[in-house]
Amino acid sequence: MTSIETERLILRPFIDSDAERVLDIHSRLDVIRWLSDPPYVPMADLDEARTWLANWASLPEGGPYDVGLAIEVKETGAMVGALMIVPEPNANYDERQIGWHLHPDAVGYGYATEAAAALLDDAFGRGLDEIWCGMFPDNAPSAAVAERLGLRPLGVVPDPWYEGEGRLFFATREEWLNR
Ligand SMILES: CC(C)(COP(=O)(O)OP(=O)(O)OC[C@H]1O[C@@H](n2cnc3c(N)ncnc32)[C@H](O)[C@@H]1OP(=O)(O)O)[C@@H](O)C(=O)NCCC(=O)NCCS
């Protein structure tokens, strides 16, 4: 996957030198608390960060739309977060989700929305049929990103892929292009 450029950002594959920033992001409870069910296990060291990076490096074998990208701010060169399209776990058909997370120091600038819009433009432009986006029901900041993107809200429902309830959003390619 090549990089995608937006007005303020470069979305690019992860590189080895992202390890320190990856560790900084994933060792924070206020970030990882939203990424999985408890127990929340903060990333402990650079070795874990390198393993995390290596996992993303092998993802392109999964399919043409599956990708994990670093979000880099052009002006500062800072790597501020991660953006991904991945298959839903135990998918019923070819369901894919988009996800995002930022370092807390990069929240409140519109970076997640700007990055996700560009990635969805790219994926739908290359033939992706539909996208899902799910979050814990009380993750208001993430729901606000999905709303700003113009994804269709499906409310809080029994999560089709994860334990418990999720707040889901969805868009077909046609919906995305006409939003
Ligand atoms: C979810 C998350 C990515 C949202 O980040 P965010 O910065 O609030 O989202 P956006 O990129 O859409 O930015 C919107 C905010 O930037 C502000 N903003 C500032 N300058 C802006 C600009 N030039 N353009 C757009 N928005 C701008 C907006 O007003 C808005 O702030 P507000 O919420 O106070 O109104 C972030 O909270 C996060 O990483 N959380 C932890 C991990 C997580 O929950 N991930 C999702 C799991 S499902």
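Scroll up to find the structure.
If you're wondering where the values come from, they're calculated on a predicted model, not measured in any experiment.

A short note on the site of the ligand
Thought 1: Taken together, 21 residues sit near the ligand, with Trp100, Leu102, Gly108, Ala112 and Thr113 positioned nearest.
Thought 2: In this structure, an oxygen atom belonging to the ligand sits 3.0 Å away from a main-chain N or O atom of Gly110.
Thought 3: Here an oxygen atom of the ligand sits 3.0 Å away from a polar atom, N or O, in the main chain of Tyr111.
Thought 4: The protein chains hide 66% of the 950 Å² of surface that the ligand would expose on its own.

Brief notes about the packing of helix 4 (residues 111-125) against helix 5 (residues 140-149)
Relative orientation and spacing of two packed helices are given, respectively, by the angle between their axes and the distance between those axes.
Thought 1: Contact geometry of helix 4 with helix 5 gives a least axis separation of 10 Å together with a crossing angle of 50°. Here helix 4 lies oblique to helix 5, going by the angle between them. Crossing geometry of helix 4 relative to helix 5 is assigned as right-handed. For the pair helix 4 and helix 5, the contacting residues are Ala112, Thr113, Ala116, Ala117 and Leu120 in the first and Val145, Arg148 and Leu149 in the second.
Thought 2: In the contact of helix 4 with helix 5, the residues fall into six nonpolar, one polar and one charged.

A look at the layout of surface pockets
In this approach the atoms are scanned with a rolling probe the size of a water molecule, which exposes any empty space left behind.
Thought 1: Considered as a void within the structure, the largest pocket measures approximately 1,400 Å³ in volume.
Thought 2: Contributing to the lining of the largest pocket are 49 residues, with Trp34, Leu35, Trp100, His101 and Asn139 lying nearest its centre.
Thought 3: Looking at the lining of the largest pocket element by element, the count peaks at six residues for strand 5 (residues 96-102).
Thought 4: Here the residues of the lining of the largest pocket sort into 29 nonpolar, 12 polar and eight charged.
Thought 5: Put simply, the second largest pocket is a space of about 200 Å³.
Thought 6: Pro13, Phe14, Leu53, Trp56 and Ala57 are the residues nearest the centre of the second largest pocket, which is lined by 15 residues in total.
Thought 7: Those elements that place two or more of their residues in the lining of the second largest pocket are helix 3 (46-57) and strand 3 (67-73).
Thought 8: The element that contributes the greatest number of residues to the lining of the second largest pocket is helix 3, accounting for five residues.
Thought 9: Taken together, the residues that form the lining of the second largest pocket break down as 12 nonpolar, one polar and two charged.

Section: the pattern of salt bridges
Thought 1: With the rule as written, the count across this model stands at 14 salt bridges.
Thought 2: In this structure, Arg12 engages Glu72 in a salt bridge whose closest nitrogen and oxygen atoms are separated by 2.6 Å. Taken together, the residues Arg12 in strand 2 (residues 9-12) and Glu72 in strand 3 connect sequence positions 60 residues apart.
Thought 3: Taken together, the shared-partner salt bridges connect Arg21, Asp24, Arg28 and Asp105 into one network.

Some thoughts on the pairing of strand 3
Thought 1: A large share of strand 3 lies buried, amounting to seven of its seven residues.
Thought 2: What you see with strand 3 is no split at all: Val67, Leu69, Ile71 and Val73 on one side and Gly68, Ala70 and Glu72 on the other are buried throughout.
Thought 3: Pairing geometry for strand 2 and strand 3, over four bridges, is antiparallel. Across the sheet, the residue bridging to Arg12 is Ala70, located in strand 3.
Thought 4: Sheet analysis places strand 3 next to strand 4 (residues 79-87), joined by six bridges and oriented antiparallel. In the strand pairing of strand 4, Val67 is matched with Ile85.
Thought 5: Taken together, strand 3 and the strand that follows it, strand 4, pair antiparallel across an intervening segment of five residues, in which Gly77 is found at a positive phi of about 80°.

Reading the values: the criteria
Within each chain, residues carry numbers counting from 1 in the order of the written sequence. In keeping with the model being predicted, local features are shown solely for residues with a pLDDT of at least 70 and side-chain atom pairs are shown and tallied solely at 80 or more, while totals for entire chains, interfaces and linings include all residues. The basis for every side-chain value is the complete set of heavy atoms in the structure, and neither hydrogens nor water enter the calculation. Proximity is defined per residue: if any heavy atom of the residue lies within 4 Å of a molecule or strand, that residue is considered near it. Between N or O atoms, a polar contact is any pair within 3.5 Å; within protein, one atom must be a potential hydrogen donor and the other a potential acceptor, and residues adjacent in sequence are included only when both atoms are from side chains. Calculation of accessible area relied on Shrake-Rupley with a 1.4 Å probe; when residues are assessed, cover is drawn exclusively from the protein chains displayed. Every angle, taken between N-to-C directions, lies between 0 and 180 degrees, and every axis is a line fitted to C-alpha atoms, over only the stretch in contact when it is a helix. By definition, any uninterrupted DSSP run of H or I lasting at least four residues is a helix, any uninterrupted run of E lasting at least two residues is a strand, and each is numbered from the N terminus. Roughly parallel refers to an angle under 35 degrees, roughly antiparallel to one over 145, roughly perpendicular to one between 65 and 115, and oblique to any angle outside these ranges. Each crossing is labelled by how the near helix is turned from the far one, with a counterclockwise turn of less than a right angle marking it left-handed and a clockwise turn marking it right-handed. Residue contacts are defined here by distance: any two heavy atoms, one from each residue, within 4.5 Å place the two residues in contact. The residue classification treats Ala, Val, Leu, Ile, Met, Phe, Trp, Tyr, Cys and Pro as nonpolar and Asp, Glu, Lys and Arg as charged. All others, Gly included, are polar. Points on a 1 Å grid, built from protein atoms alone, make a cavity when a 1.4 Å probe fits but cannot get out and make a pocket when they are open with protein on both sides within 12 Å along at least 5 of 7 lines; residues with an atom within 4 Å of a point are the lining residues. Grid points are joined across faces, edges and corners, and a volume is the space filled by probe spheres set on the points. Salt bridges are defined by distance alone: a side-chain nitrogen of Lys or Arg within 4 Å of a carboxyl oxygen of Asp or Glu. Exposure is judged per residue with a 1.4 Å probe applied to protein chains only, and the accessible area is read against the type maximum: over 50% gives exposed, under 20% gives buried, and values in between give partly exposed. By the convention used here, strands pair only if DSSP detects at least 2 bridges between them.

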